[in-house]
Structure formats: C-alpha cells, structure tokens
Amino acid sequence: EAEVAQSPRYKITEKSQAVAFWCDPISGHATLYWYRQILGQGPELLVQFQDESVVDDSQLPKDRFSAERLKGVDSTLKIQPAELGDSAMYLCASSSTGRLSLAKNIQYFGAGTRLSVL
Amino acid sequence: DQQVKQNSPSLSVQEGRISILNCDYTNSMFDYFLWYKKYPAEGPTFLISISSIKDKNEDGRFTVFLNKSAKHLSLHIVPSQPGDSAVYFCAASEPGRAGTALIFGKGTTLSVSS
C-alpha cells in the first residue's frame, strides 16, 4: 500500500540551530501539505503545494520557516533558527487533486517528524 | 477562535457498546466534514466523511451524522472494539479558500475496554 514517507522520525536540536524535514508523497499526488501539531491540539496547516507551486502559506512563519517542492514531487520544510516553541509534530500529507471531493481528495498523512527544541 | 471544536477530550466505553464522538463548528461555509483516527507514533488515518448536503453517511461500524442547523456532527461506532482506542479528529473544509487544507479540532481520545 502506498504511503507518505517522512524523515527523520525524531529530531532533537538546540535553540537557534537549523533543522530540515523531508517528505515524499504518494506517487502521483499533486497536492502536498505540511501541518504542525502541537501536543493536545489538532494539526494546523503551515503550507500547501499544488505541484511545485505554493497555494497557501498564510500560516507559515516566514521569518524562520521555508518550504520547497522544486520538482513537484518530494518536499523539504526548514526552520532556521529553531525556537523552543517550535517543538511539535510536523506532519506531511498528500492528496490526488487540489479540489476537495469525497472520492478523490482524502488527505493521506505520513507518520510525522517529532521535533524537540532544547 | 476555534472553528472546529471537540469539547470532550476523552471518552471511555466498554467493548461492544456504542461510542459517540461529538464535534461542533462555527463556520456555516464548511462544505465537507471528515473524521480521522490517530494511533500513537502514527499519522492520522482517514476514517469517514460527509458532505454538507447530506445528514448521514455510513461505512460498516462507523456512521457520521450531520445537523447543519445546530452546526454539529457526531461519529457513532457500533459495536466498539478495543482496536478502536485512538485519538479521533474532526476536520472540516471550506470552499473558496486559497487552498484546500483541513481545519481540525483538538481531538477526542477514545478508550475501549474489554
């Protein structure tokens, strides 16, 4: 069964360091999402890509976060510098079309990267 | 302000009984609602969804009910099984936004005891 791959699974870093997370969506899925989930909360969107283009990055803290999907396949999310408040689970999801429909746009999530900033 | 609310952080049910998980929303423009299940150390997994033009959708042991006038939906699991123990997230989608990202509630932890 096809899965969304994320790495690393866990990352511990010190404040002010740079960190990067990688996501490989399900093959053929044009839409890719990065969500952040703080403990006790639901996932919240950071950025959405349609192929290689950013569709929504209104909630991405652009002073320290950046995301790219250069060839419209895999994606990297970077934080520089990391802050204590960035400790969270970073989830990547993909779907087969940018338009939500019951049959076609279910979002499939990876296992996530748990970031701890010390 | 939270647009999707799951006011019960946890629910405990005995095996074989019905589990009812509730979700309220404030945005009348939401057009789809979805339920996701999340086990520890795994990503959320899609469970069931419903369009805003429907009031019920059923898939095996899982049924979602939508009451648009009350801006309320619920997920019924019958019969509950120990393997259903997980965190359940209610999510909604709004047409016309720049993207199609989902807006999630905080989740409800379901514990099913045998």
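Heads up: the structure comes first, above all this text.
From a predicted model like this one, the values you see are computed outputs, not experimental measurements.

Caption draft 1: Representation of the environment of tyrosine 39 of chain B within the structure. Residues and elements named next belong to chain B. Within the fold, tyrosine 39 resides in the loop between strand 4 (32–38) and strand 5 (45–51). Among the residues examined, tyrosine 39 registers a relative accessible area of 28% and is labelled partly exposed. The spatial distance from the C-alpha of tyrosine 39 to the C-alpha of glycine 60 is 20 Å, given a sequence separation of 21 residues. Ignoring anything within four residues of it in the chain, the contact list for tyrosine 39 reads Gly83, Ser85 and Ala86.

Caption draft 2: View of the interface of chain B and chain A. Each partner contributes residues to the interface: chain B has 23 residues there, and chain A has 25 residues. Counting every contact that joins chain B to chain A gives zero salt bridges. Between the two partners, chain B and chain A, sit three residue pairs in polar contact (both at pLDDT 80 or more). Listed by contribution, the elements that provide at least two residues to the side of chain B that touches chain A are strand 4, strand 5 and strand 9 (86–93) of chain B. Taken together, the residues that form the side of chain B that touches chain A break down as twelve nonpolar, seven polar and four charged.

Caption draft 3: Quick look at the pairing of strand 8 (residues 75–79) of chain A. Residues and elements named next belong to chain A. Of all five residues in strand 8, four are buried; the element is thus mostly enclosed. As defined by bridge partners, strand 3 (residues 19–24) adjoins strand 8 across five bridges and the pair is classed as antiparallel. In the strand pairing of strand 8, cysteine 23 is matched with serine 75. Two successive antiparallel strands, strand 7 (residues 65–68) and strand 8, enclose a turn made up of six residues, where glycine 72 displays a positive phi of approximately 75°.

Cut-off values and rules
- Residues numbered from 1 in each chain as written.
- Chains lettered and ligands numbered in written order.
- Predicted model: local features only at pLDDT ≥ 70, side-chain atom pairs only at ≥ 80, totals over all residues.
- Heavy atoms only, no water.
- Helix = DSSP H or I, 4+ residues; strand = E, 2+ residues; numbered from the N terminus.
- Buried < 20%, exposed > 50% of the residue type's maximum accessible area, 1.4 Å probe, protein only.
- Contact = heavy atoms within 4.5 Å.
- Salt bridge = Lys/Arg side-chain N within 4 Å of Asp/Glu carboxyl O.
- Polar contact = N/O pair within 3.5 Å; in protein donor to acceptor, adjacent residues only side chain to side chain.
- Nonpolar A, V, L, I, M, F, W, Y, C, P; charged D, E, K, R; others polar.
- Pairing = 2+ DSSP bridges.

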